[in-house]
Amino acid sequence: FGSQYTQLIARRVRELNVYCEIQPFHHSITLNSDIRGIILSGSPSSVYAPEAPSIDLDAILGKVPVLGICYGAQLISYKYGGRVENEGTREYGRAHLQALAASPLLTGLSAESEVWMSHGDTITQLPQGYELVARTETVTNAAFQNTALRAYAIQFHPEVTHSKEGLSLLRNFLYTIC
């Protein structure tokens, strides 16, 4: 979706010994047995912008595991009836993630973990059927999931070194969920 971190996400996935390809949002996804999961990256856009990047989420959710990172999480929320709002200021910097519920995405992570935020919009209401699994002091819906659909979403960036246990979170998605 145009994130400044897309290349870094791919690098971290490859560092975990998993083959991956970066595809632009306008490239249609044809699922096959080689695709074991999809990561939806961030974007400088708002989901409400007239030219906001989007994909057909119905074509992938429930078919392969999906991890929405930042804008990817916002897009999942927005498309399925949640609420995403602009709170007037961008959030950029360290935050402390507090686990609230069990999640295969957060397995093995500390109950409180340092993460890196970089977003302008915030998810203020989850879509129906999704469960809140973590928050920060300023972001109520920092991580959520729908295990039946194998859909996981996070408002922070696990791929940057500032997210202390980000590589473990990505490993959980790649090796446990996918």
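As the structure is a prediction and not an experimental result, all values here were calculated from the model.

**Quick word on the packing of aromatic side chains**
Inference 1: By the definition in use, this model includes four aromatic pairs.
Inference 2: Taking 5.8 Å as the distance between ring centres and 75° as the angle between the ring planes, the aromatic pair formed by tyrosine 130 and phenylalanine 144 counts as edge-to-face. With tyrosine 130 in the loop between β4 (112-125) and β5 (131-135) and phenylalanine 144 in strand β6 (residues 143-146), the pair connects residues that are 14 residues apart, well separated along the chain. Residue tyrosine 130 shares its accessibility class with phenylalanine 144, and that shared class is buried.
Inference 3: Within the aromatic cluster, the residues linked to one another by ring pairs are Phe1, Phe25 and Tyr71.

**Overview of unusual backbone geometry**
Inference 1: In this structure, cysteine 70 is a non-glycine residue whose phi angle is positive, near 55°.
Inference 2: Along the polypeptide, cysteine 70 turns up in the loop between β2 (66-69) and α2 (71-79).
Inference 3: Its identity is not glycine, yet arginine 150 carries a phi of approximately 55°, on the positive side.
Inference 4: Tracing the backbone shows arginine 150 in the loop between β6 and β7 (151-154).
Inference 5: When its relative accessible area of 31% is taken as the criterion, arginine 150 is described as partly exposed.

Criteria and thresholds
- Residues numbered from 1 in each chain as written.
- Predicted model: local features only at pLDDT ≥ 70, side-chain atom pairs only at ≥ 80, totals over all residues.
- Heavy atoms only, no water.
- Phe/Tyr/Trp six-rings, centres within 6.5 Å; stacked < 30°, edge-to-face > 60°.
- Helix = DSSP H or I, 4+ residues; strand = E, 2+ residues; numbered from the N terminus.
- Buried < 20%, exposed > 50% of the residue type's maximum accessible area, 1.4 Å probe, protein only.

None of this, on its own, says anything about what the molecule does.
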